[in-house]
Amino acid sequence: MTQTRRRRANGEASRQRILDAAADVAGERGYEGTSINLVSDRSGLPPSSIYWHFKNKDELIAAVIDRSFSAWAEALRRSMVMPPEGTREDVFRLTLKRSGRALAEFPDFLRLGIMLILERRPDEPTARQKFLEVREHTADRTRALYELYFDDLDADDIAALVRLTIATADGLFIAREIEEIDLSSAFDLLANAVLGAASRLAAARSQP
């Protein structure tokens, strides 16, 4: 029993080393420049160990995206310290700032996903599909949050705010790859933009 648990622990440790190495290599070289041999060199594990865990590079990158997104989503479930006299707008800003801070901590799913979407090559169906799944999950989470905060807007207005948020978040993330940007502060500005847009939409809807 102890040996079985030890083998499982060793196997999981090896899997995490492989995922760490794959994230590093893919972040440096992109999908095309990532290879099992490079991941093997970076992880210190033989290619046979990598193929034992993952069928091919596509499945490996999909697992990197899944692990990173899961870590980001878990960070968003942590409790927040709310200001004692905070308004709904204050809480909204804190929520988006936390999202940016968590993205800075767990960036791999978005970095690799954007690469895959922009490159549009046919040989990474599993990784692309995984990113599209986490993208849809992010949109659903954002939509649910906005329906709570902006209950005076209809479904089309909420959908427009969700698109604005995700598109702007993508742009801020890419900007961070070019220059030093604090994503927590950047997402605070994003929150202000969303609040302003929501206010304009609500005002337009109230006009006869």
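As a reminder, the structure under discussion sits directly above these lines.
Here the structure is a predicted model, which is why all the values come from computation and not from measurement.

Student: Sorry, what's going on with the packing of aromatic side chains here?
Tutor: Ring pairs (aromatic) are described by centroid distance and by the angle formed between their planes. Counted under the stated rule, the structure contains seven aromatic pairs. Each ring, one from Phe-69 and one from Phe-109, has its centre 5.3 Å from the other, and the planes form 80°; the classification is edge-to-face. Of the two residues, Phe-69 sits in helix α4 (residues 57–76) while Phe-109 sits in helix α6 (residues 108–119), which places them 40 residues apart along the sequence. The pair Phe-69 / Phe-109 is uniform in exposure class, with both members buried. Site record: aromatic cluster; members linked through ring pairs are Phe-92, Tyr-146, Tyr-149 and Phe-150. Sitting above the plane of the Tyr-31 ring, Lys-57 keeps its charged end 4.3 Å from the centroid.

Student: Would you mind showing me how to read the environment of Glu-133 here?
Tutor: Note that Glu-133 resides in helix α7 (residues 125–149). Among the residues examined, Glu-133 registers a relative accessible area of 40% and is labelled partly exposed. Along the chain, Glu-133 and Asp-170 lie 37 residues apart, while their C-alpha atoms are 16 Å from each other.

Student: Got a minute to help me understand the layout of surface pockets in this structure?
Tutor: Counted as a void, the largest pocket has a volume near 440 Å³. Lining the largest pocket are 23 residues, with Trp-72, Leu-76, Ser-99, Thr-138 and Thr-142 sitting closest to its centre. Contributions of two or more residues to the lining of the largest pocket are made by α4, α5 (88–105), α6, α7, α8 (155–178) and α9 (183–206). Here the lining of the largest pocket gets eight residues from one element, more than from any other, and that element is α7. The class makeup of the residues in the lining of the largest pocket is 14 nonpolar, five polar and four charged. Counted as a void, the second largest pocket has a volume near 170 Å³. Arg-88, Glu-89, Phe-92, Tyr-149, Phe-150, Asp-151, Asp-152, Leu-153, Leu-195, Ala-198, Ser-199 and Ala-202 are the residues that line the second largest pocket. Contributions of two or more residues to the lining of the second largest pocket are made by α5 and α9. With four residues, α9 is the single largest residue contributor to the lining of the second largest pocket.

Student: Mind showing me how you'd approach the pattern of salt bridges here?
Tutor: Any two side chains of opposite charge can pair, so long as their charged atoms come close to each other. Counted by the stated rule, this structure contains 12 salt bridges. Where Glu-28 meets Arg-42, a salt bridge forms, and the shortest distance between an N and an O atom there is 3.0 Å. Here Glu-28, found in helix α1 (residues 2–33), pairs with Arg-42, found in helix α2 (residues 36–43); they are 14 residues apart in sequence, far enough to count as distant. You can call Glu-28 exposed: its relative accessible area is 53%. By relative accessible area, which is 39% here, Arg-42 ends up partly exposed. The salt bridge partner of Arg-111 is Glu-177, with a shortest N-O separation of 3.1 Å. Taken together, the positions of Arg-111 in helix α6 and Glu-177 in helix α8 put the pair 66 residues apart, joining distant regions of the chain. Judged by its relative accessible area of 41%, Glu-177 falls in the partly exposed class. Among the ionic contacts, a cluster of salt bridges with common partners joins Asp-108, Arg-111, Arg-176 and Glu-177.

Conventions used here
Residues numbered from 1 in each chain as written. Predicted model: local features only at pLDDT ≥ 70, side-chain atom pairs only at ≥ 80, totals over all residues. Heavy atoms only, no water. Phe/Tyr/Trp six-rings, centres within 6.5 Å; stacked < 30°, edge-to-face > 60°. Helix = DSSP H or I, 4+ residues; strand = E, 2+ residues; numbered from the N terminus. Buried < 20%, exposed > 50% of the residue type's maximum accessible area, 1.4 Å probe, protein only. Lys NZ or Arg CZ within 6 Å of the ring centre and 35° of its normal. 1 Å grid on protein atoms, 1.4 Å probe; cavity = no way out; pocket = protein on both sides within 12 Å on 5 of 7 lines; lining within 4 Å. Points joined across faces, edges and corners; volume = space filled by probe spheres on them. Nonpolar A, V, L, I, M, F, W, Y, C, P; charged D, E, K, R; others polar. Salt bridge = Lys/Arg side-chain N within 4 Å of Asp/Glu carboxyl O.

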